[in-house]
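Fold and geometry: a report
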Amino acid sequence: MLATVGGTEAASVVVSGQPGAGRTRLAQEVKRELTARGRRVEWITCTRAISAIPLGTFAHLVPTVGAGADLAAAWQALVSTLGADREDGPAVVVVDDAHLLNDLCAALAHKLVSTRTAGVVLTVSDAVPAPDPVDALWKDGLAARIDLAALTRQHVERMLEAALGDLVDSRTCESLWRTSRGSAVLLRELVADARTTGHLDQAGGLWRWDGVVALTQRLRSVVRAQLGGLSPAEREAMELLAVGVPLELADLVTLTSAEVVASLERRGLVLVEQVSPRPVAIVAHPLHAQVLRAELPRAAADAFRRRLASASSVQRWLREDPVRVSALLLDADGPRPGHGVLTRAAAQANGRFDHDLAERLARSALARGPDVAACTALAESLRWQGRHPEAEQVAGQAAALPVPGPAREALAVTRVLNLCYGLGRVDDALALTAEDPGDVVRAVGVVLGLSAGAPLRSADLELERLAGGSDDPRVLVWAGVARTTGLALLGSVPEALVSATAGWTALAASDTATESSAACAALAFGELMALELSGRLKQHEAKMDELHELAMARAPSALDGVAALGLGCGLLAAGRPVEAVGWLTEAAATLVHSDPVGLLRLCRARQAQAHALLGDPTRAQSALTAARAPSPVRVFDPEVLLAASWLAAAEHRADDAGNKAVAAASLAARLGQRPVEARALHTAARLGRTGKIIDRLHELSDELGDRLLRAFAAQAEAAASGSGEGLDEVASEFAELGAQGLAADASAQAAEAHRDAGHRRQASASAACANSLARSGGGIRTPALDGIVSYELTEREREVATLAAQGVKNQEIARRLVLSVRTVETHLGRVYDKLGISGRGALRDALITQQ
C-alpha cells in the first residue's frame, strides 16, 4: 500500500476489514512513513455525530466561509487547501472509517480520487455498507482495494513472540486467538491487560496466560464500539444468547424474530453453526458475550434464563446432552433437574477435558446429597487438575458408600489412577486392582503394571483374556490402551496400530465415561509411541497434529501437555531438536502440575536428550536430574539412561557415554522393549561401540522388520568396516524416513570413513551433507558431527572457486576481487585440498556437490 500512495503520482487505496482487523493501525503506519519522507498527509476521522454536519468531516480542509452544503464551493476550497503538487509528490488524505461519510463528504472523497488531486487512503468496515461513491472507487477501478482478513493462529503466535520476546505456549496462542477472534485491536488490549494484571506471566522461558479476561474500561469501550448501532430488539437477542447457553436457530427465532436474527447474522454478530442435526446460534465473538453478560442487570439475566429454560432445544439437551446447558444447571435460579442430570453433565465435562466445569457440576450434584457417581466425577476432575490428595479424600469417602457394580468399577478406576500417577503409591493402586473383581479395573491394572515396568508378554496374555471375553466398551478401551502401549514397546507395530484402532472405536462408544479423558490421552500417546519407535515419522507427524488440534479444541487441561510431548518427541526423532525443546518445555510446564497418565518422566528424559544434542550440557543436566526423581513410572527407565548417555557425550566423556548407552540397551532388553533396545544399541554404535552390538542389531532387525531398525544395523556394520559408501547409503535411508538428525550423523561418519580411505572428494561431499543436515535441525551436536574435518569453503574461497569454475584466469580473478595473483593461487590450493580434487577440471562438479 505504501508503494501505491507514496509514489510521485496521486493514487488511492480502499482498506476494508472487520472491526478490529487493524485498518486504522495500517493507515497510521502509512501516515507515519509518508510524513517521515516529507510528504503532506491530512488525517480525517469519520464518526456518526460528525456525519450529521454537511461538511463536518472535511471542515478543517474547507475553511472558506459560506461553503456550506454547496459541493462546487466545497470542492474549490478543498483544492485550494491541498495546494498544487509538491516536488516530493501530491498530498495524501487519509479518511478513517469512510463508511460513516455523509453523501456530500463521500462525493468530495470520490472527486479527490477521480481527479487525482491527491492520493487518498480510505478505511471501511465490512460490517456495514459504505456510501455508493466510496464503493464505486474500487468497483470502477479508481482505487485499489485491500481486504484485511482476521489474524490466523500462526499470525497471533508470531506477533506474541515478537512482542513478548520469548516462547509462548500453544494454549496461550490458541486462547488469545479464539478470544480475540483474530482482531488485532482486541488482541492488543487482551495482552496489555493480562500483563498489567499478572494473568499473562513468564516462567521457565515460557509465556503463559491463565485465560482470565480482565474487562477493563478500555476493553469494554472497544467492544461497545463494535456493538454500536444495535436496536433494542437486536440487543435483547444478543443478551439472550450471551447468558451462556447456545440455542437452536428455531428457538432463537421463536424467542425474538426472524428479522432480528437475520440482521445480526448479516452483521457477523451471531453465528449459526451446524453442530447437531439442527442449526445452533451463538454469539460470534466470545468477548462480546462476556461484556454483554457483565453489563446485564441481574433481574434481566434471571428473566432471560427463565425464557431459555422453556425452549424446546434446552429441554431436549437436559435429557440428552446436559453438559451443553451447564450454565443453566449451575444457576441458582435455573431449572431444577434431577440429581442424575448434574452427575451425567459432570461425567460428560470430564470426558470433554473441561475438568473445572466438571468439578462445579459434581459439587452441585453432591450438594443435593451423597452419590457415588458424583463423587467419582469430582475425584476425576480434581485428579486432572493436579489436586491429588483431595481426589483421594473424595474417592475414599465414596468407597464407604453402598455402591452398585458399574459405579464401583468407575470409582475404582479413578482411584487407582490417582494413587499411581498422582500420589506415587503404585503398590496401593495395584493392590486395589487385585481386590476388585471387575474386568475394567483389571484392564487398568495391566496399564499400571506396564507403567511400573511389568514384563510385556505376561501383560499381553492377560489383556487377550480380558478383551476376548467382553463386549463392555470400557474394558475394550483400557485393554486397547494397554495392548497398544505394550505392543509398541515390544516392537509389534502393526498389531499395536490395529489395537489402537479398536481402542478408538470402543472409546467412541463410551465417551461419557468419567475416566474416558484419561483413556483418550493414554491411547493417543501409545499410538504415537508405536509410530515413533518404528520410524514411521510421517504418520507420526500427522497423528500428533491431530492430537494437538483435539487438545486445542477442548478446554485447557493436561491433554495440552500430552499433545506437546508428542510433538516434541516427533521433532526430536526427526532431528529438529531446537523445535523439540520448545514443545518439550511446554509439555513439562503442564505435566509438572498434572500428569494423569504418567508421562512426565519421559518428557524430562527427552528434554535432556534434546539439550545435549544442541550442545547445552547445563540444561541437559537439569532436565536429567528431574527425570531421575523418584517415580512410580519405571517403563521409561531406559529413556533416562539414554538421556544420560547423550549428556556424557555432550560433555566429551566418550567411554561413559558408550557405557550408558549399552546399559540402556540391556535394561530395555530385560523389560522386553525391543525397539528401545535397538535404539540404545544404535546410540552405542554412533558413540563408537561395535562388537556384539552389530549382531544383536541384525537380530532385532530381522525380528521386527522395520526399515528404521534395518538402517540401524546397516549403519553399525558400515561404521565398523569403515565403509564410506555404506554410510552414505544409510544416510539417504534415514533422510527418506524423515530422520534428518540420524542422516546427519551417518553422513559425518561417512566423511570420516572416506577421509581415512584417502577419498578426499567423497569425504568433502559427505561432510557438506552432514553439515547441511545438522544446520537444518538447528545445529545438532554429536561426537561424529563434532569430529568432521572442516571441508567447508570460506566465503572468499567460494568466490575464487566460483570464478575459476567459470573459466576466469587467475589474473582476472585477482583484478575483480582486488587480490594478488599469489593469494588467488593460495585460495585455489586450499579449495582443491578441501574438495579432494587436483585441478580446475573437476572444480565445477565438486562445487555442485558442495551445495
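Now for a look at the structure at hand. (Residues numbered from 1 in each chain as written. Predicted model: local features only at pLDDT ≥ 70, side-chain atom pairs only at ≥ 80, totals over all residues. Heavy atoms only, no water.)

**Quick notes on the sheet that holds strand S8 (residues 206-209)**
Strands sit in the order S6-S8-S7 across an open sheet of three strands; the sheet is mixed. Bordering the open sheet on either side are strand S6 (167-168) and strand S7 (200-203), each of which pairs with just one other strand. When S6 meets S8, the two strands line up parallel, connected through two bridges. Looking at the pairing, Val168 lines up with Trp207 of S8. Against the sheet, helix H31 (residues 577-591) touches S6 and S8, its axis set at about 50° to S8. (Pairing = 2+ DSSP bridges. Helix = DSSP H or I, 4+ residues; strand = E, 2+ residues; numbered from the N terminus. Contact = heavy atoms within 4.5 Å. Axes fitted to C-alpha atoms, helices over the stretch in contact; angles between N-to-C directions.)

**As for the sheet that holds strand S2 (residues 41-45)**
If you trace the five strands from one edge of the open sheet to the other, you get S2-S3-S4-S1-S5, paired in parallel fashion. Strands with a single pairing partner mark the edges of an open sheet, and in this sheet they are S2 and strand S5 (144-148). Ignoring which end each strand starts from, the neighbouring axes of this sheet average 15° apart. In the sheet, strand S1 (residues 12-17) pairs with strand S4 (residues 119-125) via six bridges, with the strands oriented parallel. Looking across to S4, one finds that Val15 is bridged to Thr123. The sheet strands contacting helix H2 (residues 23-36) are S1, S2, strand S3 (92-96), S4 and S5, and the helix crosses S2 at an angle near 160°.

**What about unusual backbone geometry?**
Even without being a glycine, Arg181 presents a positive backbone phi close to 55°. Looking at where Arg181 falls in the secondary structure, it is placed in the loop between helix H8 (170-180) and helix H9 (184-197). Positive phi, close to 65°, is recorded for His652, a residue that is not glycine. Structurally, His652 can be placed in the loop between helix H34 (637-650) and helix H35 (654-671).

**Digging into the environment of Ala347**
Tracing the backbone through its elements, the reader meets Ala347 in helix H18 (residues 339-351). Along the chain, Ala347 and Val15 lie 332 residues apart, while their C-alpha atoms are 49 Å from each other.

**Brief notes about the environment of Arg830**
Tracing the backbone shows Arg830 in helix H45 (residues 821-835). For the pair Arg830 and Thr794, spaced 36 residues apart in sequence, the C-alpha separation works out to 10.0 Å.

**Some points on the pairing of strand S11 (residues 280-283)**
Across two bridges, the pairing between strand S9 (residues 247-248) and S11 is antiparallel. Its bridge partner being in S11, Leu247 is matched across the sheet by Ala281.

**Details of the packing of aromatic side chains**
A complete count under the given rule lists two aromatic pairs for this structure. With centroids separated by 6.2 Å and ring planes inclined at 55°, the aromatic side chains of Phe712 and Phe734 adopt a geometry described as tilted. Taken together, the positions of Phe712 in helix H38 (residues 707-721) and Phe734 in helix H39 (residues 724-737) put the pair 22 residues apart, joining distant regions of the chain. Owing to a relative accessible area of 3%, Phe712 belongs among the buried residues under this scheme. Overall, the relative accessible area of 0% leaves Phe734 in the buried class. (Phe/Tyr/Trp six-rings, centres within 6.5 Å; stacked < 30°, edge-to-face > 60°. Buried < 20%, exposed > 50% of the residue type's maximum accessible area, 1.4 Å probe, protein only.)

**Notes on the environment of Ala118**
Relative to the elements of secondary structure, Ala118 occurs in the loop between helix H5 (103-114) and S4. Residue classification places Ala118 among the buried residues on the basis of a relative accessible area of 1%. Taking C-alpha positions, Ala118 is 5.5 Å from Pro90, a pair spaced 28 residues apart along the chain. Dropping the residues within four chain positions of it, Ala118 is found in contact with Ala10, Ser12, Leu82, Ala91, Val93 and Leu112.

**Looking at the packing of helix H29 (residues 537-553) against helix H30 (residues 559-573)**
Viewed as axis vectors pointing N to C, H29 and H30 meet at an angle of 160°, and their least axial separation amounts to 9 Å. When the axes of H29 and H30 are compared, the pair comes out roughly antiparallel. Considering how the two elements wind past one another, H29 and H30 form a crossing that is left-handed. The segment H29 lies against H30, with Leu537, His540, Met544, Asp545, Leu547, His548, Leu550, Ala551 and Met552 engaging Leu559, Asp560, Val562, Ala563, Gly566, Leu567, Gly570 and Ala573. Split by residue class, the contact of H29 with H30 holds eleven nonpolar, four polar and two charged. (Parallel < 35°, antiparallel > 145°, perpendicular 65-115°, else oblique. Left-handed = near helix turned anticlockwise from the far one by under 90°. Nonpolar A, V, L, I, M, F, W, Y, C, P; charged D, E, K, R; others polar.)

**Describing the nonpolar core**
If you look at the biggest cluster of nonpolar residues, it comprises 128 residues, and the most contacted ones within it are Trp478, Val562, Leu565 and Phe734. The element best represented in this core is helix H28 (residues 516-533), accounting for eleven residues. Ignoring any residue separated from it by four or fewer positions in sequence, one finds Phe734 in contact with His682, Leu708, Ala711, Phe712, Gln715, Ala739, Leu742, Ala743 and Ala746. One finds Ala194, Leu219, Leu296 and Ala346 within the second-largest nonpolar core, a separate group that totals 77 residues. (Core = buried A, V, L, I, M, F, W, Y, C linked by side-chain atoms within 4.5 Å.)

**Some words on the pattern of salt bridges**
Counted according to the given criterion, the structure contains 58 salt bridges. Glu549 is the partner of Arg153 in a salt bridge, and the nearest nitrogen-oxygen pair spans 2.6 Å. On the criterion of sequence distance, the pair formed by Arg153 in helix H7 (residues 153-164) and Glu549 in helix H29 is long-range, its members being 396 residues apart. Residue class for Glu549 comes out partly exposed when judged on its relative accessible area of 40%. Between Asp302 and Arg298 there is a salt bridge, and its shortest N-O distance comes to 3.0 Å. (Salt bridge = Lys/Arg side-chain N within 4 Å of Asp/Glu carboxyl O.)

Read these as layout, nothing more, since geometry by itself doesn't imply function.
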